[in-house]
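Below are the chains, spelled out letter by letter.
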Amino acid sequence: MSALTRRGFLGAGAGGTVAALTTVGPAYAGAPDTAGETGRAAGAPPAVTVTPDDFRYGDLTARGYNGRFVGKPDSVRIVHTTEQVTAAVAEAVRDGARIAVRSGGHCLDGLVDDGQVRMLLDVSEMDAVYFDEERQAFAVEAGAQLGHVYRTLYLDWGVTIPGGTCPTVGVGGHVQGGGYGALCRQYGAVVDHLYGVEVVVVDGAGEARAVIATSDADDPHRDLWWAHTGGGGGNFGVVTKYWFRTPGATGNPGDLLPRPPGALLKASVSWKWSDLTEEAFTRIVRNHGQWHTDNDGDGGPYASLNSVLLLHNAALGTVGLNVQVDGTLANAADLVDDYIGAVTVGVDVAHTRTRATGPWLKETLKNPYETGAYDRSKSKGAYLRRGYSEDQIAALYRRLSDPGYDGHASVLLYTYGGRANVPAPADTAMPQRDSVLKANFITYWADPADDARHVDWMRGLYKETYAATGGVPVIDGDSDGSYINYPDTDLKDPEWNASGIPWQTLYYKDNYPRLQRIKGEWDPGNVFRHALSITC
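Residues numbered from 1 in each chain as written. Predicted model: local features only at pLDDT ≥ 70, side-chain atom pairs only at ≥ 80, totals over all residues. Heavy atoms only, no water.

Under an unreviewed UniProt entry, the chain has the name FAD-binding oxidoreductase and belongs to Streptomyces nogalater. You can read under Cofactor (unreviewed entry) in the UniProt record for the chain the words "FAD". (UniProt positions renumbered as here; feature names shortened; annotations may be inferred.)

In C-alpha cells form, the structure reads like this:
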C-alpha cells in the first residue's frame, strides 16, 4: 500500500465566565496597550469546563495525534481569550492542579496526555489571524492551525510564514519548538520571523498574569521572547498569541513577511522494495546525503527546493523521493530533473516518476498525513550535518528491509539548511544552525496489544543507526542532536542513550543554561512542566 505517514511529503465553571486575575497592560514602556486583547475578545464565548461525565470529554481527551497516549484530567478547559486562560491558570495554581496545554494536538510523545495532568487547557478555539496595526506585525492566536494561517495570510496579504507541511498542526507548539517546513531553505525557520509572543506566566507568589515579550532590543522581557524561539512548548507559561514580522522589514503588510511562490512544481520518484537491492538502496541514500552536503549554502538556484527522501520499510512496499520548487521559475523543470538525476545516478533499478505544477496555496493545503486506523506511533528525530555513513546506511537497510516487521515504518530525511543556517546558534533558542537534513524516524500500528513490540522495534532501529555514538545523534561532525518538536523520552533513559550526553544537550546544546535561567525567572514554581521540560 502507499505510505500514509503524517509527514509523508516533504509533525471555570461549566458555561460560565471566570474573572481574569491579571492586570492587562503594555509589555514595556512605549508598547501598545493591547496585551490580552484579540480580534474577537469582546464578543468571545465564556470559557467551558468539560468533566469526565460530559459527552464531549472523550473527544477532547483523545484528539491527540498519537493514540498511545490519552490523558484523564479532572477537567478540560476550552478557552477563547487570554483573560480566560489567565483565570484558568490561576484556578489550577490555587488548587494545586497540574496543567497541560493542547493546541493542534500533534505532540508525538506523552508530554500533554500525561496521567498526572489534572487540568487540560484546550486553546484550539483561539484561532484568530489578523494584522496588528499598532505593532505592525501579523497576530496569530496559539490555537490556529497552520493551514488556516497559510490561507489567511496568503489570501488577505499575499504573505506566509515558512512553517510545516502538515496543515492541521497547531501553531502553539510548532512555533515554540522552532518550526520548519517547505520554505525553510529559502526563508529560514518560523522563529526567524517571530517578533513577539503573549504568554500567561505565574510568578513566585503564584499570581498568573499575561505578559507580552518581543524581540525589541529595549524590551525588558526580551529573554522570554527568546525562550519561545525554540525552547519547546509547556516550559514557561501558556502562549496565547504570536506576532510575526521578518526582521528589518518595513512598509505595507504585504512587505513584512515572505511571499510564497505563485505555483509549485512537484515531482516524485518511487522504487518498489521488491526491485531494490542493498546496493541500490545504499546508492540512493548516499547520493541524497551528498547532494545536500554539497548544496547547503544560502541562496543560489536551489533556494526554493524542498524534498523528503521516504525510506519506508518493506511492509509499505516502496522507497520514494518527493521534491518541490518554485514553479514560476523559468528553469523549474530543469532544477527538479537535475536534482532527481543527482539522487538517482548509478541506481540501476526501475522506478516510476510523476511531475505536476499547481497553485501554491492549493498544493500547500493538501493533507497527505492521515494514518487512518494506524493511529499509534513511536517517533524519534535527528539533525544531520552530512549524509549518513556507510555503516549507518547498512543499519537502515537491514532494519527497513526486514520482511518480518509488519509496522508501517519510515525514516524521513527532510531538506534543511540554506537560510535556516544563517542565524548563529545563540540567536534563537533553537541552536541547530549548520545541519543539511532533518530525520524523522517513525512507525505506526493499530493494535494497542502490539505497543511494546513496535516501540522496541523503533528503539532498535535508532540504536543501530547511531551505534557508534551510544545510540543517539550526539553533537559531533556528523550529527547535531535532535529536534524538540520530535520529542522522545527515551533520550532520558541510559538504556537507550548510552552516549553520556544529557538529553537536554541533544535538544538545546549550549543554549540550555540560558533557558534554565529564564525558566527560573518566569516560572519559579515550576508550574509548567512535562516529561521533557526545562528544569532550573
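Still more ground to cover, so stick around.
Considering the overall build of the chain
Check the secondary structure of the chain and you find 13 helices and 16 strands. Over its C-alpha trace the chain gives a radius of gyration of 23 Å, about what one expects of a compact globule, namely 24 Å for 536 residues. Projected onto its principal axes, the C-alpha coordinates of the chain cover approximately 70 × 55 × 40 Å. Looking at the chain as a whole, 60% of its 536 residues qualify as buried. Within the structure as shown, the chain displays about 19,100 Å² of accessible surface, and the carbon and sulfur contribution to it stands at 50%. (Helix = DSSP H or I, 4+ residues; strand = E, 2+ residues; numbered from the N terminus. Rg over C-alpha atoms; globule rule 2.2 N^0.38 Å. Buried < 20%, exposed > 50% of the residue type's maximum accessible area, 1.4 Å probe, protein only. Areas by Shrake-Rupley, 256 points an atom, 1.4 Å probe, with all protein chains shown as cover.)

Brief notes about the layout of surface pockets
Taken as a whole, the second largest pocket holds about 400 Å³ of empty space. What lines the second largest pocket is a set of 19 residues, and nearest its centre among them are V191, D192, H193, T246 and P247. Among the elements of the structure, β7 (194-202) and α6 (222-227) are those that each provide at least two residues to the lining of the second largest pocket. Of the residues that constitute the lining of the second largest pocket, the class distribution is nine nonpolar, five polar and five charged. (1 Å grid on protein atoms, 1.4 Å probe; cavity = no way out; pocket = protein on both sides within 12 Å on 5 of 7 lines; lining within 4 Å. Points joined across faces, edges and corners; volume = space filled by probe spheres on them. Nonpolar A, V, L, I, M, F, W, Y, C, P; charged D, E, K, R; others polar.)

Considering helix α3 (residues 146-157)
Taking 1.5 Å per residue, 12 residues should reach 16 Å; α3 reaches 16 Å between its end C-alpha atoms and fits that length. For α3, the full list of buried residues reads L146, G147, V149, Y150, T152 and L153. As for α3, its buried residues are in contact with β5 (129-132), β6 (137-141), α4 (171-176) and α9 (360-364). After α3 finishes, the residue G158 shows a positive phi value of roughly 75°. (Expected span 1.5 Å × (residues − 1). Contact = heavy atoms within 4.5 Å.)

Description of the pattern of salt bridges
Under the definition given, this model contains 33 salt bridges. A salt bridge links D255 to R259; its shortest N-O distance comes to 4.0 Å. A salt bridge links D490 to K380; its shortest N-O distance comes to 2.8 Å. Pair noted here: D490 is in the loop between α11 (451-465) and α12 (503-508) and K380 is in strand β14 (residues 376-384), with a separation of 110 residues, a long-range link. (Salt bridge = Lys/Arg side-chain N within 4 Å of Asp/Glu carboxyl O.)

Topic: the packing of helix α10 (residues 390-400) against α11
α11 packs onto α10 with a crossing angle of 160° between their chain directions and a minimal axis gap of 8 Å. By the criterion of interaxial angle, the relationship of α10 to α11 is roughly antiparallel. In this structure, the crossing between α10 and α11 has a hand that is right-handed. On the side of α10, the interface is formed by Q392, A395, L396, R398, R399 and L400, while α11 contributes W457, G460, L461, E464 and T465. In the contact of α10 with α11, the residues fall into five nonpolar, three polar and three charged. (Axes fitted to C-alpha atoms, helices over the stretch in contact; angles between N-to-C directions. Parallel < 35°, antiparallel > 145°, perpendicular 65-115°, else oblique. Left-handed = near helix turned anticlockwise from the far one by under 90°.)

Some details on the environment of D456
Counting through the fold element by element, D456 comes out in helix α11. For the pair D456 and K378, spaced 78 residues apart in sequence, the C-alpha separation works out to 9.3 Å.

Things to note about the UniProt feature "domain: FAD-binding PCMH-type" (unreviewed entry) in the chain
According to UniProt, the positions carrying the feature "domain: FAD-binding PCMH-type" (unreviewed entry) are residues 69-249. End-to-end, the C-alpha atoms of residues 69-249 are 42 Å apart, and along that stretch the chain is 23% helix and 24% strand.

Some thoughts on unusual backbone geometry
Here K509, not a glycine, exhibits a phi torsion of approximately 55°, which is positive. Within the secondary structure, K509 sits in the loop between α12 and α13 (512-522). Overall, K509 belongs to the buried group, its relative accessible area being 16%. One non-glycine residue, N526, lies in positive phi territory at about 55°. Relative to the elements of secondary structure, N526 occurs in the segment after α13.

Thoughts on the sheet that holds strand β2 (residues 75-78)
On the basis of which strands lie adjacent, the open sheet formed by four strands has the order β1-β2-β4-β3 and mixed pairing. Each edge of the sheet is formed by a strand with only one pairing partner; in this case those strands are β1 (48-50) and β3 (99-102). Taken over all neighbouring pairs, the strand axes of this sheet differ in orientation by 25° on average, direction set aside. Strand direction decides the pairing type here: β2 and strand β4 (residues 119-122), joined by four bridges, are parallel. (Pairing = 2+ DSSP bridges.)

Looking at the confidence of the model for the chain
Here the chain averages 92 in pLDDT, and 92% of its residues register 70 or above. Considering only residues more than four positions removed or in separate chains, one finds that residues 1-39, a stretch of pLDDT under 50, has 117 contacts. (pLDDT = per-residue confidence, 0-100.)

As for the side chain of S304
Here S304 is to be found in the loop between α7 (278-294) and β11 (306-312). Given a relative accessible area of 9%, S304 falls into the buried group. When residues no more than four places from it in sequence are discounted, the contact partners of S304 are Q186, Q324, V325, D326 and L329.

A closer look at the packing of aromatic side chains
Overall, the coordinates contain 25 aromatic pairs when judged by the stated rule. Where F441 meets Y466, the ring centres are 6.3 Å apart and the plane angle is 55°; that geometry is what we call tilted. Taken together, the residues span a long stretch of sequence, with F441 in strand β16 (residues 437-445) and Y466 in the loop between α11 and α12 at a distance of 25 residues. When sorted by exposure, F441 lands in the same class as Y466, which is buried. (Phe/Tyr/Trp six-rings, centres within 6.5 Å; stacked < 30°, edge-to-face > 60°.)

So, the nonpolar core
Membership of the largest hydrophobic core comes to 139 residues, with the highest contact counts inside it found for V89, F281, L311 and F441. In this structure, F441 is in contact with K378, S379, K380, Y388, L396, S410, V411, M458, L461, Y462, T465 and Y466, ignoring residues within four places of it in sequence. Within the second largest apolar cluster, 10 residues are counted, among which are V50, Y57, I78 and L120. (Core = buried A, V, L, I, M, F, W, Y, C linked by side-chain atoms within 4.5 Å.)

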